[in-house]
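Chain residues, written in single-letter form:
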Amino acid sequence: MSKFFAKTEESLPIMLLRAREALMKRIRPYLTEQDLSEQQWRVLRVLDEVGPLEPTELGERCVVLTPSLTRILALLEKRDMIRREPHPTDKRKQIIHLTKAGQDIIALIAPEARKIYEELEEAFGKPQMNNLLNKLAKLSDF
């Protein structure tokens, strides 16, 4: 055993990745069925939840780096799931909007994602899930 590191079961980054993978492997088949990557799904979800956004804020909310976001937006635009419009006050910027096709994909996958989340709540309890989400939010602000 390394004298420099905690066991991987005690490593927060590794355990967060394991937890993320455990969740994503349940929803990934629904994304694959619709030919969506996890990052594309996050972009659609954020636009659905928040509404139109500038790319910079969209990338931050989705936890997607700018070069990747540029490719994702191009692909989603090609599939008519988003549209770009000039910023109303700064023509150098764009605003990204979710289209009807993007809303339709959300509506198709959301019930399955909701079901997975409900199963988690049932397994862990709503108070524990809220506690976990609150702690993760604090960790994100650390």
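Structure: see above.
Residues numbered from 1 in each chain as written. Predicted model: local features only at pLDDT ≥ 70, side-chain atom pairs only at ≥ 80, totals over all residues. Heavy atoms only, no water.

(A) Looking closely at the packing of helix H1 (residues 12-33) against helix H5 (residues 100-124). For the pair H1 and H5, the least separation of the axes is 10 Å and the interaxial angle reads 165 degrees. Regarding the angle of H1 to H5, the classification is roughly antiparallel. As H1 packs across H5, the resulting crossing turns out to be right-handed. Listed contacts from H5 to Leu23, Arg26, Ile27, Tyr30 and Leu31 of H1 are Ile109, Glu112, Ala113, Ile116, Glu119 and Leu120. Classifying every residue of the contact of H1 with H5 gives eight nonpolar, no polar and three charged. (Axes fitted to C-alpha atoms, helices over the stretch in contact; angles between N-to-C directions. Helix = DSSP H or I, 4+ residues; strand = E, 2+ residues; numbered from the N terminus. Parallel < 35°, antiparallel > 145°, perpendicular 65-115°, else oblique. Left-handed = near helix turned anticlockwise from the far one by under 90°. Contact = heavy atoms within 4.5 Å. Nonpolar A, V, L, I, M, F, W, Y, C, P; charged D, E, K, R; others polar.)

(B) Up close: H5. With 25 residues, H5 should reach 36 Å at 1.5 Å per residue; the first-to-last C-alpha distance of 35 Å fits that figure. Roughly 35 degrees is the biggest bend found in H5, and it falls at Ile109, with proline Pro111 one to four residues downstream. Inspection of H5 places Gly102, Ile105, Ile106, Ile109, Ala110, Ile116, Leu120 and Glu121 among the buried residues, and these make up the whole buried set. Tucked inside the fold, the buried residues of H5 contact H1, helix H2 (38-50), strand S2 (94-98) and helix H6 (126-140). (Expected span 1.5 Å × (residues − 1). Bend = angle between axes of the 7 residues up to and from the residue. Buried < 20%, exposed > 50% of the residue type's maximum accessible area, 1.4 Å probe, protein only.)

(C) Geometry of a nonpolar patch on the surface. A surface patch of nonpolar side chains, amounting to about 760 Å² of accessible area, comprises Leu12, Leu16, Tyr117, Leu132, Leu133, Leu136, Leu139 and Phe142. Considering each element in turn, the nonpolar patch owes the most residues, four residues, to H6. Structurally, the position occupied by Leu12 is in helix H1. (Patch = residues over 30% accessible without salt bridge, like charges linked within 9 Å, V, L, I, M, F, W, Y side chains within 5 Å. Areas by Shrake-Rupley, 256 points an atom, 1.4 Å probe, with all protein chains shown as cover. Salt bridge = Lys/Arg side-chain N within 4 Å of Asp/Glu carboxyl O.)

(D) Quick peek at the nonpolar core. In terms of nonpolar packing, the biggest core is built from 26 residues, with Leu36, Val43, Leu44, Leu47, Leu58 and Leu76 touching the most fellow members. Listed by contribution, the elements that provide at least two residues to this core are H1, H2, helix H3 (55-62), helix H4 (66-78), S2 and H5. Not counting the four nearest positions on each side in its chain, Leu76 is found in contact with Leu36, Gln40, Val43, Leu44, Met81 and Ile82. (Core = buried A, V, L, I, M, F, W, Y, C linked by side-chain atoms within 4.5 Å.)

(E) The arrangement of the pattern of salt bridges in detail. Taken as a whole and judged by the stated rule, the model has 12 salt bridges. A salt bridge links Arg20 to Glu38; its shortest N-O distance comes to 2.6 Å. Taken as a pair, Arg20 in helix H1 and Glu38 in helix H2 lie far apart in primary sequence, 18 residues in all. On the accessibility criterion, Arg20 (34% relative accessible area) is partly exposed. The shortest N-O distance in the salt bridge between Arg61 and Glu57 comes to 2.9 Å. Taken as a pair, Arg61 and Glu57 lie in helix H3 at a separation of four residues, close to a single helical turn. A relative accessible area of 44% means that Arg61 is categorised as partly exposed. For Glu57, a relative accessible area of 33% gives the class partly exposed. If you follow the salt bridges from partner to partner, you end up with Arg20, Glu21, Arg28 and Glu38 in one network.

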